[in-house]
Amino acid sequence: MIPYGRQDLSEQDIEAVCRVLKSDYLTQGPEVPLFEQVLGNLVKARHVVAVNSGTSALHIACLALDVGPGDYVWTSPISFVASSNCALYCGASVDFVDVEPDTGNMSVAALKARLEDAEVSGKLPKVVIPVHFAGQPCDMKEISELASRYGFRVIEDASHGLGARYFDEPVGSCRWSDMTVFSFHPVKMITTGEGGAVSTNQPALAEKLSQLRSHGITRDDSQFKALKNDPWVYEQQSLGFNYRMTDLQAALGRSQSASLPGFVSRRQVLAAAYQKAFTDSDVQVLTQKAERSSSWHIFVIQVPEDCRRAMFDLLRESGIGVNVHYIPIYLQPFYQQLGFRSGYCPQAELFYQQALTIPLYTSLSEGELQQVADSVIQALETTSSSINSA
Ligand SMILES: *Cc1c(COP(=O)(O)O)cnc(C)c1O
């Protein structure tokens, strides 16, 4: 089976982890701050706080902005459930903004319309979480203008977007947001097994994030509020968690980071080959908008709704590990129980019904890519002619 995505580990990556295994610290040693520094340089952000998953990163990013009961957090329905679960962890309410039909990213027009209504009803969001779907940056300039106008904060969910660029800035520079969240799950751009990080340029947020990842504790005596400054003293100042990344993970992440530019350019070459292969076919590729370059975390195509299921089965049977990203979050039973109903974001639902994710990863060969592209085109022809003759 050709999978839809997979990690790419080098001998150096493995050695980096083995070095930590033989060292004094498996966790809370020197590797985490070193990885954070490397990430900060890559994404051009002043502060990076590494944690044990992208989900934890989203959770503490919301908490750092004091998201709590009575607050609204808005995100995109075309995302993984973690993008909205993070608001619910904080006791806030979540809402969804519809997407652009040709990119799967949050639609600025839909966001504007929703904000105008929310202003009237007094339910403006405290935080908006745009998701850089498949690795293509959202319209961050427009979103950031709306943020100033309506007074909300912005957390970018860049779980797909490490290595992407927008107006020649790396995603994560937070030029148009308060914080950016990354995931290092094995299918993502680089991996630490499980892992995540938040980048920000705001020192106060960075301080809150690093407390929240470790029980709400600080060991920095200049920050102490109450306890006498004896050498063993630490202070718990808020209710945090154990969301720490281990040194094993950070060493892997730091080593993987060195490969990121190569990973991104390999993915760009493969994506361009897919785009070319589908040019004269009925397979639609996602629109790539101006002034941005995708990290190509996944390659999503759009096919007619009534062919999608049969194509999925045909391709899986022929050993091609296709997938679907994503079931609109609010169609999940848990969200239905919160009162969301189908039809809420029509573009997201149509996007979902036509979406198919085909294999894209750095070690996919040109030959395999051609085989996938040919099989996709053929599967579409087979299914659409059987539908037409039925
Ligand atoms: C992977 C992912 C997450 C969650 O990341 P984990 O590291 O798996 O917790 C959140 N949002 C999106 C869009 C993702 O793809």
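Nothing here was measured: the structure is a model prediction, and the numbers come from that model.

A. Structural view of the overall build of the chain. On a plain count of helices and strands, the chain comes out with 12 helices and 15 strands. The globule rule puts the C-alpha radius of gyration for 390 residues at 21 Å, and the 22 Å found for the chain is close to it. In terms of principal-axis extent, the alpha carbons of the chain reach across some 80 × 60 × 35 Å. Here the chain holds 390 residues, and the buried ones make up 53% of them. Of the contacts made within the chain by residues no fewer than 6 positions apart, 73% connect residues no fewer than 24 positions apart. Accessible surface for the chain amounts to roughly 16,900 Å². Of this, 51% is attributable to carbon and sulfur atoms.

B. Region of the structure containing the site of the ligand. Around the ligand, 16 residues are found, and the nearest of them are Gly-54, Thr-55, Asp-157, Ser-183 and Lys-188. Residue Thr-55 places a side-chain N or O atom 2.5 Å away from an oxygen atom belonging to the ligand. Under a 2 Å grid-point criterion requiring more than half of the atoms, the pocket assigned to the ligand is the second largest pocket. Every element with two or more residues in the shell around the ligand is listed here: α3 (54-64) and α4 (82-89).

C. Molecular detail of the sheet that holds strand β1 (residues 47-51). Taken in spatial order, the 7 strands of this open sheet run β1-β9-β8-β5-β4-β2-β3, and their pairing is mixed. One side of each edge strand has no neighbouring strand; the edge strands of this open sheet are β1 and β3 (93-96). For this sheet, the mean inter-axis angle between neighbouring strands, taken without regard to orientation, is 20°. Sheet topology places strand β2 (residues 72-75) next to β3; 4 bridges connect them, and they run parallel. Bridge pairing in β3 places Thr-75 opposite Phe-96.

D. Geometry of the pattern of salt bridges. Tallied over the entire structure, the rule returns 13 salt bridges. A salt bridge links Asp-71 to Lys-126, with the shortest nitrogen-to-oxygen separation between them at 3.2 Å. Of this pair, Asp-71 sits in the loop between α3 and β2 while Lys-126 sits in the loop between α5 (108-121) and β4 (127-129), placing them 55 residues apart in sequence. Accessibility expressed as a relative area gives 17% for Asp-71, which makes it buried. For Lys-126, a relative accessible area of 28% gives the class partly exposed. A salt bridge links Glu-169 to Arg-175; its shortest N-O distance comes to 3.1 Å. The exposed category is assigned to Arg-175, whose relative accessible area is 54%. When salt bridges with common partners are traced through the structure, they connect Glu-100, Asp-139, Lys-289 and Arg-292 into a single cluster.

E. Spatial organisation of the domain arrangement of the chain. Looking at the assigned domains, one finds that the chain contains domain 1 (11-257) and domain 2 (260-389). Each side of the interface is counted separately: domain 1 has 43 residues, and domain 2 has 37 residues. The largest share of the area that domain 1 buries against domain 2 comes from Phe-96, Gln-136 and Met-189, three residues that together contribute 17% of it. Connecting domain 1 to domain 2 are 3 salt bridges. Lys-289 is the partner of Glu-100 in a salt bridge, and the nearest nitrogen-oxygen pair spans 2.6 Å. The interface formed by domain 1 and domain 2 holds 26 residue pairs in polar contact (both at pLDDT 80 or more) in total. Of all the secondary-structure elements, those providing two or more residues to the side of domain 1 that touches domain 2 are α4, β3, β6 (165-166) and α8 (247-277). Here the residues of the side of domain 1 that touches domain 2 are counted per class, giving 22 nonpolar, 13 polar and 8 charged.

F. Representation of helix α1 (residues 11-21) in the model. Regarding α1, the residues found buried are Asp-13, Ala-16 and Val-20. Mapping the buried residues of α1 onto a view down its axis gives an arc of 60°, with all of them on the same face. Relative to its buried face, α1 has exposed residues pointing more than 90 degrees away, namely Glu-11, Arg-19 and Leu-21. In this structure, the buried side of α1 is in contact with α2 (31-43) and α8.

G. Quick peek at the packing of aromatic side chains. Tallied over the entire structure, the rule returns 18 aromatic pairs. Measuring from centroid to centroid gives 6.5 Å for Phe-167 and Trp-176, while their planes differ by 55°, and the two rings are tilted. The buried category is assigned to Trp-176, whose relative accessible area is 14%. Between Trp-296 and Phe-299, the ring centres sit 5.4 Å apart and the planes meet at 15°, which makes this aromatic pair stacked.

H. View of the nonpolar core. One finds Val-67, Phe-96, Ile-129, Phe-133, Ile-155 and Met-179 to be the most contacted residues of the largest nonpolar core, which totals 46 residues. The set of elements that each furnish at least two residues to this core consists of β1, α3, α4, β3, β4, β8 (179-183), α7 (203-212) and α11 (346-354). For this core, the element with the highest residue contribution is α3, accounting for 6 residues. Taken domain by domain, the makeup of this core includes at least three residues from each of domain 1 (11-257) and domain 2 (260-389).

Each value, and the rule that gives it
- Residues numbered from 1 in each chain as written.
- Predicted model: local features only at pLDDT ≥ 70, side-chain atom pairs only at ≥ 80, totals over all residues.
- Heavy atoms only, no water.
- Helix = DSSP H or I, 4+ residues; strand = E, 2+ residues; numbered from the N terminus.
- Rg over C-alpha atoms; globule rule 2.2 N^0.38 Å.
- Buried < 20%, exposed > 50% of the residue type's maximum accessible area, 1.4 Å probe, protein only.
- Contact = heavy atoms within 4.5 Å.
- Areas by Shrake-Rupley, 256 points an atom, 1.4 Å probe, with all protein chains shown as cover.
- Near = heavy atom within 4 Å.
- Polar contact = N/O pair within 3.5 Å; in protein donor to acceptor, adjacent residues only side chain to side chain.
- 1 Å grid on protein atoms, 1.4 Å probe; cavity = no way out; pocket = protein on both sides within 12 Å on 5 of 7 lines; lining within 4 Å.
- Sits in = over half its atoms within 2 Å of the grid points.
- Pairing = 2+ DSSP bridges.
- Axes fitted to C-alpha atoms, helices over the stretch in contact; angles between N-to-C directions.
- Salt bridge = Lys/Arg side-chain N within 4 Å of Asp/Glu carboxyl O.
- Domains from an automatic or database assignment.
- Buried area = accessible area lost by both parts, 1.4 Å probe.
- Nonpolar A, V, L, I, M, F, W, Y, C, P; charged D, E, K, R; others polar.
- Arc of directions from axis to C-beta.
- Phe/Tyr/Trp six-rings, centres within 6.5 Å; stacked < 30°, edge-to-face > 60°.
- Core = buried A, V, L, I, M, F, W, Y, C linked by side-chain atoms within 4.5 Å.

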